[in-house]
Amino acid sequence: MTKTTLSVIKADVGSLAGHHVVHPEQIRVSEESLSAAKLSGLINDFRVTNCGDDLELIMTHRKGEDNSEIHGLAWNTFHKAAAVANELGLYAAGQDLLSDAYSGNLKGMGPGYAEIEFEERKGEPVIVFMADKTEPGAFNLPIYRMFADPFSSAGLVVDPNMHGGFKFQVLDVIEGHSYELNTPEETYDLLALIGTTGRYILKSIRRKSDNLIAAKVSITKLSLIAGRYVGKDDPVAIVRAQHGLPAVGEVLEPFAFPHLVAGWMRGSHYGPLMPVAQKNAKCTRFDGPPRVVGFGFQIKDSKLTGPADLFDDPAFDRTRETACRVADYMRRHGPFMPERLGPEEMEYTTLPQVLEKLKSRLSKE
Ligand code: F6R
Ligand code: MG
Ligand code: MG
């Protein structure tokens, strides 16, 4: 059986009203670009959407992961959307397009991506998560809970096909290497790593019994790539669901807790991750609070049916209300930690200049 690849590729190439939302004309030109690619047979299907100021290309094809033509298509499409940003005078036009020339792969070029190649099951429910004003480590907690916490995913206890547990690939973004840990037996070791969300990132999950790929997170580290701040690397994730994997409701359950994530204003603060309908994926208050959107699809013969906008549901109203209360509480700390990130994680800082200025006024203690 031929395999399908789902590629979710995103970039912030400029937005309306500061770092707020992608402009409809950018969506239109992107759809036009992907339509042509579908007609030519390069991709089989696509959806274009946005989460705040991030333009998201969701594509199915049969070319596999890290394919040069698919990445090239995304690169060209982002350039077209950036051209619209330039034309309209949108903010931060072309922000995430870090290189001048495309060299065969998007790695290190600025856009973020999550891709999975898999054999379609008879029914193939897939959820695409897209977040704005945060970082890939924001998915550590919810993905851990989906695949390893029986208080969240009942299937870990009662479904024989999940009972064996999962394999977690963890990337150390500082050292640039990764580890594989198994749950439930290495749960405490896993948590010892992924609790440090700025450094150890969950990047993929496989089912232990048959190595089936179950989830992937985009891990592009924009700030490290550029060596300076060029925009928060707002993440995307792909999670397959049902039939021996967490049910859709188990995949969504962890988001009922609006946990604190790094990002928010100037990528330098902790704020609650608020699950929202796509139409509400637009950050306002203190450039936030950080948002996450969940699009559910069925995939058949490499074609997409959907999306179902999964957080567009009153069942998440209380979560959003809690998120607003947490935002109030955190904001009252102003420039103090733990509202402000620690110095090593801040995207903006004046600390070196301040210390330099005070040098001549040092007094020994
Ligand atoms: C955070 C973010 C915004 C900007 C802020 C300042 O990820 O995108 O909070 O950091 O609006 O932006 P500049 O420096 O472009 O004025
Ligand atoms: Mg932006
Ligand atoms: Mg963004």
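Above this text is the structure in question.
(A) Local environment of the overall build of the protein chain. Each helix and strand counted, the protein chain has 9 helices and 15 strands in total. Taken over C-alpha atoms, the radius of gyration comes to 20 Å for the protein chain, in line with the 21 Å a tight globule of 365 residues would show. Seen through its principal axes, the protein chain has C-alpha atoms that stretch 70 × 50 × 40 Å. A total of 365 residues make up the protein chain; the buried ones form 55% of that total. Once local pairs closer than 6 in sequence are excluded, the contacts in the protein chain between residues at least 24 apart make up 68%. By element, 53% of the accessible surface of the protein chain is carried by carbon and sulfur atoms, the whole surface being about 16300 Å². Looking at the protein chain, you have 41 positive and 48 negative side-chain charges, and the mean spots of the two groups are 2 Å apart.

(B) Representation of the packing of aromatic side chains in the model. Scanning all chains against the criterion turns up 10 aromatic pairs. With a centroid separation of 5.4 Å and an interplanar angle of 85 degrees, the aromatic rings of Trp264 and Phe286 are classed as edge-to-face. With Trp264 in the loop between β11 (260-263) and β12 (269-272) and Phe286 in the loop between β13 (274-275) and β14 (291-300), this residue pair connects regions lying 22 residues apart in the sequence. Looking at Trp264, the relative accessible area reads 2%, which means it is buried.

(C) Fine view of empty space enclosed by the protein. Across all of its chains, the model carries 1 cavity of 30 Å³ or more by this definition. Here the largest cavity defines a volume of roughly 50 Å³. Around the largest cavity, the lining is made up of 12 residues, and of these Lys10, Gly112, Thr220, Asp233 and Asp234 lie nearest the centre. Of the residues that constitute the lining of the largest cavity, the class distribution is 5 nonpolar, 4 polar and 3 charged.

(D) Layout of the coordination of the magnesium ion (ligand 3). Summarising the metal site, the magnesium ion (ligand 3) is bound by the protein donors Asp53 (OD), Asp54 (OD), Asp132 (OD) and Asp234 (OD), whose distances to it range over 2.0 to 2.3 Å. When the donor residues of the magnesium ion (ligand 3) are listed from N- to C-terminus, their spacing reads D-D-x77-D-x101-D. Between the two metals, the magnesium ion (ligand 3) and the magnesium ion (ligand 2), the spacing is 4.9 Å, and Asp53 donates to both. Of this pair, Asp132 sits in strand β5 (residues 125-132) while Asp234 sits in the loop between α6 (222-226) and β10 (236-240), placing them 102 residues apart in sequence. Each member of the pair Asp132 and Asp234 is classed as buried.

(E) The arrangement of the state of the cysteines in detail. Evaluated as defined, the whole model comprises 0 disulfides. Of the cysteine sulfurs around Cys51, a residue in no disulfide, the closest is that of Cys283, at 7.1 Å. On the accessibility criterion, Cys51 (0% relative accessible area) is buried.

(F) Quick peek at the coordination of the magnesium ion (ligand 2). At this site the magnesium ion (ligand 2) is bound by Asp12 (OD), His19 (ND1) and Asp53 (OD), with donor distances of 2.0 to 2.3 Å. Going along the chain, you hit the donors of the magnesium ion (ligand 2) in the pattern D-x6-H-x33-D. You can call Asp12 buried: its relative accessible area is 2%. On the basis of relative accessible area, His19 is assigned to the partly exposed category, the value being 26%.

(G) Region of interest: the pattern of salt bridges. For the coordinates displayed, the defined rule picks out 22 salt bridges. The residue Arg207 makes a salt bridge to Asp210 at a minimum N-O spacing of 2.7 Å. For Arg207, a relative accessible area of 10% translates into the label buried. Arg325 is paired through a salt bridge with Glu321; the nearest N and O atoms lie 3.5 Å apart. One end of the pair, Arg325, and the other, Glu321, are both in helix α8 (residues 317-331), 4 residues apart, so they sit about a helical turn from each other. For Arg325, a relative accessible area of 51% corresponds to the exposed category. Here Glu321 falls in the partly exposed class, since its relative accessible area comes to 45%.

(H) Region of interest: the layout of surface pockets. What the largest pocket holds in volume is close to 490 Å³. Lys107, Tyr113, Lys203, Ile219 and Thr220 are, among the 23 residues lining the largest pocket, the residues nearest its centre. Those elements that place two or more of their residues in the lining of the largest pocket are β4 (112-118), β7 (177-182), β8 (200-207) and β9 (213-217). The element best represented in the lining of the largest pocket is β4, accounting for 3 residues.

(I) Molecular detail of unusual backbone geometry. The omega torsion of the bond from Thr183 to Pro184 falls at 5 degrees, within 30 degrees of zero and hence cis. At Asp66, a position not held by glycine, the phi torsion is positive, near 55 degrees. For Asp66, a relative accessible area of 37% gives the class partly exposed. The phi dihedral of Ser302 is positive, around 65 degrees, even though this residue is not glycine. If you trace the backbone, Ser302 turns up in the loop between β14 and β15 (303-309). Classification of Ser302 as buried rests on a relative accessible area of 0%.

How each quantity is defined
Residues numbered from 1 in each chain as written. Chains lettered and ligands numbered in written order. Predicted model: local features only at pLDDT ≥ 70, side-chain atom pairs only at ≥ 80, totals over all residues. Heavy atoms only, no water. Helix = DSSP H or I, 4+ residues; strand = E, 2+ residues; numbered from the N terminus. Rg over C-alpha atoms; globule rule 2.2 N^0.38 Å. Buried < 20%, exposed > 50% of the residue type's maximum accessible area, 1.4 Å probe, protein only. Contact = heavy atoms within 4.5 Å. Areas by Shrake-Rupley, 256 points an atom, 1.4 Å probe, with all protein chains shown as cover. Lys, Arg positive; Asp, Glu negative; His and termini not counted. Charge placed at Lys NZ, Arg CZ, Asp CG, Glu CD. Phe/Tyr/Trp six-rings, centres within 6.5 Å; stacked < 30°, edge-to-face > 60°. 1 Å grid on protein atoms, 1.4 Å probe; cavity = no way out; pocket = protein on both sides within 12 Å on 5 of 7 lines; lining within 4 Å. Points joined across faces, edges and corners; volume = space filled by probe spheres on them. Nonpolar A, V, L, I, M, F, W, Y, C, P; charged D, E, K, R; others polar. Donors = N, O, S within 2.8 Å, 3.2 Å for Na, K, Ca; no water. Disulfide = S-S within 2.5 Å. Salt bridge = Lys/Arg side-chain N within 4 Å of Asp/Glu carboxyl O.

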